[in-house]
Amino acid sequence: MSDWLFDLGNSRFKFAPLQGDRAGDVQAWAHGAEGMAAQPPHSLPTGGTAFVASVAAPSLTTAMLQQLQARFGDVRVVRTSAECAGVRIAYAKPEKFGVDRFLALLAAATARRPVLVVGVGTALTIDLLDADGQHHGGRISASPTTMREALHARAVQLPVSGGDYSEFANDTADALASGCDGAAVALVERSARHAQALLGVAPALLVHGGGAPALMPLLDGADYHPSLVLDGLARWAVHQPAG
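A. Spotlight on the layout of surface pockets. Volume-wise, the largest pocket comes out at about 630 Å³. Surrounding the largest pocket, 30 residues form its lining, Asn10, Asp100, Val120, Gly121 and Thr122 being those nearest its centre. Of all the secondary-structure elements, those providing two or more residues to the lining of the largest pocket are strand E2 (12-19), helix H3 (99-108), strand E9 (115-120), strand E10 (123-129), helix H4 (144-154) and helix H7 (228-238). Per-element tally for the lining of the largest pocket: the top contributor is H4, with three residues. Considered class by class, the residues forming the lining of the largest pocket number eight nonpolar, 15 polar and seven charged.

Listed below in structure tokens is the structure:
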């Protein structure tokens, strides 16, 4: 029976078969248990072991686990640990470090070079990993999408989406896109400069998450890896004891 990887995020539910130490073809549904309930029963896989990561609310996580437990012989939920697969987390209390960030670092570590890992989802996360697998900490901010939503909530005349990036926009929608995307890019660029000063070498830039494509044209030399968290979950899975 095949093993599968499941990632319940703040906006999407993604899953893929475990193929070696990587994720296979990824499928994505609308958020969480509601999205799962709307799918035909045969569309959710069955198998031997389900490896699960979740940053969603406890109620959604519980609903997802109940569905997976009915379809898999074993369900294992990942938790952040101080060290795994050669990666050492900088947090004094590793359990406070988000599991999605933890898994992204596990995947990024396979490059065996300094990497700045940028996640663009509900939050914008930035983490620095050196070539030896040591995590040097990171940042958390609002993503451009969340910035737009917050502005719209406080001033409904400001559109929640739309607009094109420009260095000096002459339209409100363009100015919002430029300001929010530009704020994220500026934080990434500042982090990259300080990472180079700290390590003595410029880190590679690895970007993932649903909001990443909009930023890619603004981040010179960045690599986009849409399945980074699932690939990290695959690495976590193969480093767990059998049984």
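B. Structural context of the pattern of salt bridges. Counting across every chain of the model gives four salt bridges. Residue Asp231 is joined to Arg22 by a salt bridge in which the shortest nitrogen-to-oxygen separation is 3.1 Å. Here Asp231, found in helix H7, pairs with Arg22, found in strand E3 (residues 22-23); they are 209 residues apart in sequence, far enough to count as distant. Note on Asp231: relative accessible area 3%, which makes it buried. When its relative accessible area of 44% is taken as the criterion, Arg22 is described as partly exposed.

C. The sheet that holds strand E11 (residues 135-142), seen in detail. One open sheet accounts for five strands, arranged E11-E10-E9-E12-E13; its pairing is mixed. One side of each edge strand has no neighbouring strand; the edge strands of this open sheet are E11 and strand E13 (223-224). Two strands pair when backbone bridges link them, and E9 and strand E12 (residues 204-208) are joined in this way by five bridges, in the parallel orientation. Along E12, the bridge assignment pairs Gly119 with His208. Packing of helix H5 (residues 172-199) onto the sheet brings it into contact with E9, E10, E11 and E12, and relative to E10 it is tilted by some 10°.

D. Spotlight on H4. Among the residues of H4, those classed as buried are Pro144, Met147 and Arg148. The buried residues of H4 occupy an angular sector of 95° when projected down its axis, which confines them to one face. Summarising the contacts, the buried residues of H4 are in contact with E9, E11, H5 and helix H6 (212-215).

E. Inspection of H3 at higher detail. With nine of ten residues buried, H3 is to be regarded as a mostly interior element. Of the residues making up H3, those classed as buried are Val99, Arg101, Phe102, Leu103, Ala104, Leu105, Leu106, Ala107 and Ala108.

F. Broad picture of the nonpolar core. In this structure, Val78, Phe102, Leu103, Leu233 and Trp236 are the most contacted members of the largest nonpolar core, which totals 30 residues. Mapped onto this core, the elements with two or more residues apiece are strand E5 (47-54), H3, E9 and H7. Tallying contributions element by element places H3 first for this core, with eight residues. Filtering out sequence-adjacent residues up to four positions away, Leu103 remains in contact with Ala53, Val78, Leu228, Val229, Gly232, Leu233 and Trp236. Grouped together as the second largest cluster of nonpolar side chains are 18 residues, Leu116, Leu187, Ala195 and Ala212 included.

G. Broad picture of the environment of Gly200. When you line up the elements, Gly200 lands in the loop between H5 and E12. The class of Gly200 is exposed, set by a relative accessible area of 66%. Considered as a pair, Gly200 and Val156 are 44 residues apart in the sequence and their alpha carbons are 46 Å apart.

H. Layout of the pairing of E2. Pairing between strand E1 (residues 4-8) and E2: five bridges, direction antiparallel. Paired with Leu5 across the strands is Ala16, a residue of E2. Taking the residues that link successive antiparallel strands as the turn, the E1-E2 hairpin has three residues. Two elements, E2 and E3, share two bridges in a ladder whose sense is antiparallel. From the neighbouring strand, Gln19 faces E3, where its bridge partner is Arg22. The hairpin formed by E2 and E3 contains two residues between the paired strands, and Gly20 there has a positive phi angle of roughly 65°.

Calculation rules
Residues numbered from 1 in each chain as written. Predicted model: local features only at pLDDT ≥ 70, side-chain atom pairs only at ≥ 80, totals over all residues. Heavy atoms only, no water. 1 Å grid on protein atoms, 1.4 Å probe; cavity = no way out; pocket = protein on both sides within 12 Å on 5 of 7 lines; lining within 4 Å. Points joined across faces, edges and corners; volume = space filled by probe spheres on them. Helix = DSSP H or I, 4+ residues; strand = E, 2+ residues; numbered from the N terminus. Nonpolar A, V, L, I, M, F, W, Y, C, P; charged D, E, K, R; others polar. Salt bridge = Lys/Arg side-chain N within 4 Å of Asp/Glu carboxyl O. Buried < 20%, exposed > 50% of the residue type's maximum accessible area, 1.4 Å probe, protein only. Pairing = 2+ DSSP bridges. Contact = heavy atoms within 4.5 Å. Axes fitted to C-alpha atoms, helices over the stretch in contact; angles between N-to-C directions. Arc of directions from axis to C-beta. Core = buried A, V, L, I, M, F, W, Y, C linked by side-chain atoms within 4.5 Å.

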